[in-house]
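Structural features, examined
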Amino acid sequence: SESDKHQQGALVRDGDEDSAPHLYPLFPPLPAHTMAEDLFGKKIMTDVLSHDKPTVAGIVAILQRFLRKLHQLLVENKHSTSDDVIQKYFALATEYLAPLEEAYRDRSIFPVREDGSIFMSLGAYRDHLLGETLRQAFKTAAYPERLFVGAVVQNCFGIDVQCRTGVEVKGKDKNGRPITKISDREPDVNGIEQFCTDPDYKQYCDSGQIRALYVNETESNGPTTARYFASKLWGGETYFVQADAHLRFAPEWDRLYVEEVKLAKSYPKAVLSAYPPGFSEGDPPYKGGSRGTRLCTCTFSESDVEHKILRINTGNNCRAEEDAPSQIAYIAAGFFFARAEFLVDVPFDPYLPWCFMGEEIALSLRAWTHGWDIYAPRKNLIAHQYRPGRMGLPKFWENTGRVFGRPGPGFNTELQTITIQRIKHMVGYKESTTDWLEGKGYQVVLTDFEHYGPGDIRTMSAFLEHTKIDLQTERCGHIDWCNDCTLK
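Values in this document were obtained by computation on a predicted structure and should not be read as measured data.

Notes on the overall build of the protein chain
The helix and strand inventory of the protein chain stands at 19 helices and 15 strands. Taken over C-alpha atoms, the radius of gyration comes to 22 Å for the protein chain, in line with the 23 Å a tight globule of 488 residues would show. Principal axes of the C-alpha set define a box for the protein chain whose edges measure 60 × 55 × 55 Å. Evaluated residue by residue, the protein chain yields a buried proportion of 57% over its 488 residues.

Here's the deal with the packing of aromatic side chains
Across all of its chains, the model carries 29 aromatic pairs by this definition. A ring pair is formed by Tyr89 and Trp354, whose centres lie 5.2 Å apart and whose planes are at 65 degrees; its orientation type is edge-to-face. Here Tyr89, found in helix 6 (residues 82-96), pairs with Trp354, found in the loop between helix 13 (342-345) and helix 14 (359-369); they are 265 residues apart in sequence, far enough to count as distant. In terms of burial, Tyr89 and Trp354 fall into one category: buried.

Describing the pairing of strand 3 (residues 168-172)
Here strand 3 runs beside strand 4 (residues 178-181); their pairing, made up of four bridges, is antiparallel. Bridge pairing in strand 4 links Glu168 to Lys181. Between strand 3 and strand 4, which follow one another and run antiparallel, lie five residues, and Gly176 among them has a positive phi close to 85 degrees.

A few points about the nonpolar core
Of all hydrophobic cores here, the largest spans 105 residues; its most connected members are Phe66, Leu213, Tyr330, Phe342, Ile361, Phe463 and Ile469. For this core, the leading source of residues is helix 5 (residues 56-76), giving twelve residues.

Digging into the state of the cysteines
Here the structure, examined in full by the defined rule, presents five disulfides. Put simply, Cys156 and Cys163 are joined by a disulfide, and their sulfur atoms are 2.1 Å apart. The sign of the -90 degrees torsion about the S-S bond sets the Cys156-Cys163 disulfide as left-handed. Judged by relative accessible area, Cys156 falls into the buried class, the value being 1%. Overall, Cys163 belongs to the buried group, its relative accessible area being 2%. The disulfide pattern of the protein chain is 1-2, 3-4, 5-9, 6-8, 7-10 when the bonded cysteines are numbered in sequence order. Note on Cys355: no disulfide assigned, nearest cysteine sulfur contributed by Cys298 at a separation of 17 Å.

A word on helix 12 (residues 253-263)
Residues of helix 12 that are buried include every one of Trp253, Asp254, Tyr257, Val258, Glu260 and Val261, and no others. Burial along helix 12 is one-sided: seen end-on, the buried residues are contained in an arc of 165 degrees.

With respect to the sheet that holds strand 5 (residues 210-216)
In spatial order, the strands read 5-2-1-6-11-8-12; together these seven strands make up an open sheet with mixed pairing. In this open sheet, the two strands that pair with only one neighbour each are strand 5 and strand 12 (373-375). Here the average twist between neighbouring strands, direction ignored, is 20 degrees. Relative to strand 12, strand 8 (residues 270-273) runs parallel, the two being bridged by three bridges. Among the inter-strand pairings, Ala270 is bridged to a residue of strand 12, identified as Asp373. On top of the sheet, helix 8 (residues 130-140) reaches strand 1 (118-125), strand 2 (147-155) and strand 5; it is set at about 175 degrees to strand 2, its chief contact.

Re the environment of Arg65
Mapping Arg65 onto the fold places it in helix 5. Each C-alpha atom, one on Arg65 and one on Ala340, is 26 Å from the other, the two residues being 275 residues apart in sequence. Beyond its immediate stretch of four places on either side in the chain, Arg65 contacts Met45, Leu49 and Tyr96.

What to know about the packing of helix 4 (residues 43-50) against helix 5
It is the contact of helix 4 with helix 5, at a shortest axis distance of 8 Å, that shows an interaxial angle of 100 degrees. In terms of orientation, helix 4 lies roughly perpendicular with respect to helix 5. Contact residues: helix 4 offers Ile44, Met45, Val48 and Leu49, while helix 5 offers Ala57, Gly58, Ile59, Ala61, Ile62 and Arg65. Residue classes in the contact of helix 4 with helix 5 are distributed as eight nonpolar, one polar and one charged.

Digging into the pattern of salt bridges
Any two side chains of opposite charge can pair if their charged atoms end up close together. As enumerated under the stated definition, the model contains 36 salt bridges in all. Of the charged contacts in the structure, one is a salt bridge between Arg135 and Asp198, with a shortest N-O distance of 3.0 Å. In this pair, Arg135 sits in helix 8 while Asp198 sits in the loop between helix 9 (191-196) and helix 10 (202-206), placing the two residues 63 residues apart along the sequence. Across the pair Glu237 and Arg211 runs a salt bridge whose closest N-O atoms are separated by 2.7 Å.

Notes on the packing of helix 14 against helix 18 (residues 460-467)
Between helix 14 and helix 18, the shortest axis-to-axis distance is 10 Å and the interhelical angle comes to 115 degrees. Between helix 14 and helix 18 the crossing geometry is right-handed. Between helix 14 and helix 18, the residues in contact are Ile361, Ser364, Leu365, Trp368 and Thr369 and Met460, Ala462, Phe463 and His466, respectively. Its residues assigned to classes, the contact of helix 14 with helix 18 shows six nonpolar, three polar and no charged.

A word on helix 4
Those residues of helix 4 that sit buried are Ile44, Met45, Asp47 and Val48. Down the axis of helix 4, the sector holding all buried residues measures 160 degrees, keeping them to one side. Pointing more than 90 degrees away from the buried face of helix 4 are the exposed residues Lys43 and Ser50. A positive phi of about 55 degrees marks Asp52, the residue just after helix 4.

Examining unusual backbone geometry
The amide bond that connects Leu30 to the next residue, Pro31, takes the cis arrangement and shows omega of -10 degrees. That bond from Tyr267 to Pro268 is cis: its omega, 15 degrees, falls within 30 degrees of zero. In this fold, Pro268 is placed in the loop between helix 12 and strand 8. Non-glycine residue Asp106 carries a positive phi angle of around 65 degrees. Secondary-structure assignment places Asp106 in the loop between helix 7 (98-103) and strand 1. Look at Glu474: it is not a glycine, yet its phi comes out positive at around 55 degrees. Counting through the fold element by element, Glu474 comes out in the loop between strand 14 (469-470) and strand 15 (475-476).

Thresholds, definitions, all that
- Residues numbered from 1 in each chain as written.
- Predicted model: local features only at pLDDT ≥ 70, side-chain atom pairs only at ≥ 80, totals over all residues.
- Heavy atoms only, no water.
- Helix = DSSP H or I, 4+ residues; strand = E, 2+ residues; numbered from the N terminus.
- Rg over C-alpha atoms; globule rule 2.2 N^0.38 Å.
- Buried < 20%, exposed > 50% of the residue type's maximum accessible area, 1.4 Å probe, protein only.
- Phe/Tyr/Trp six-rings, centres within 6.5 Å; stacked < 30°, edge-to-face > 60°.
- Pairing = 2+ DSSP bridges.
- Core = buried A, V, L, I, M, F, W, Y, C linked by side-chain atoms within 4.5 Å.
- Disulfide = S-S within 2.5 Å.
- Arc of directions from axis to C-beta.
- Axes fitted to C-alpha atoms, helices over the stretch in contact; angles between N-to-C directions.
- Contact = heavy atoms within 4.5 Å.
- Parallel < 35°, antiparallel > 145°, perpendicular 65-115°, else oblique.
- Nonpolar A, V, L, I, M, F, W, Y, C, P; charged D, E, K, R; others polar.
- Salt bridge = Lys/Arg side-chain N within 4 Å of Asp/Glu carboxyl O.
- Left-handed = near helix turned anticlockwise from the far one by under 90°.

In structure tokens:
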């Protein structure tokens, strides 16, 4: 029964302080902008960095200190060039984030608990569905007491700035072209507050199952940084799932994903990933069960702002029912599920600010060359709200333009032009060699590259052969084994 479930959860947690001391002191998810250092003192950071006594609260304090310094950097560099901003950002990350990375390099920061627990990493950018996503995740879970969330809440809180909408379509002109407008608006709704003040769900916040890092919109710089922060809120849970903050869940999604990943032939070094089906806000409760997509194709982007970066896409569905998941070529950043050892082998990269494209090819090649195989779940158990521009929702690159006093996406594009070279160098693009980067003055993007590049279990040339990517002709070939579901 439900009450038995919650009692079981309480029992697990009563023993936590002895069995998992790193979860204490509990850092509260509310109120927003509570500073861990103010609550627990500086020692909580030095324990993490110098004394091999890591705690989730200490890590939050380290991330908050970085964000405080970043705020200062952005204010002082409002009129700087893109090159200067990147140089200073990388220097700041090296000073305040690299020591945390170095302290636990190539080992698990916390022991992995073998209790079937799941950590869900959510990077939420001004997301009005975060609260509902959390409600749905816990409501539909078979074992809500085993579900832990690390949410990076990037909101406009109305601190120091007037909140603005995204680019909204207000109608059409006489030629049929859209008339767009950006307007002032109220501060964003805090999804953590919606969830934690709901009497049906408050217990999960009180028990430490919701870990939140609040980021002022002005300090947010894209999904890659948000996912890096969210990964750092992991607290030793058995499984790691990365997802977006606008989702619906099928009944018992947690139990079913655990069963599915265990059926993969390469388990425990197996990653489940897919592009989930879409939903609209008026839809009935999501039941799941439709056939999962298979990430089997790619293209070199032809968009001017994307610099020929590899974009992932779907291939064929399997012709027959499978008795176990089969391998695919790529990982989707918006949903993947794996054992938490993934975080040791493929740590998230703190050096990809202002980067929107390229995270999927980077994740895929890093995982595969570190010896992880990627699988398509046979059935969809989550649905995702796809968000076309006409919805008028805010975008982080609009914020970048405002922060640097250059409205529009142009300045973010300038910054991304530099940081995306880190991914292109990793993939092996012929124009992104070390010499070329040094000639352009972009060598800063190779900072600590050896820790966030390809692995040494399988080679990059083997990955390119495996995925039929031809960097000379900039073409992606047809991957037979992926489209035919033949690689187990």
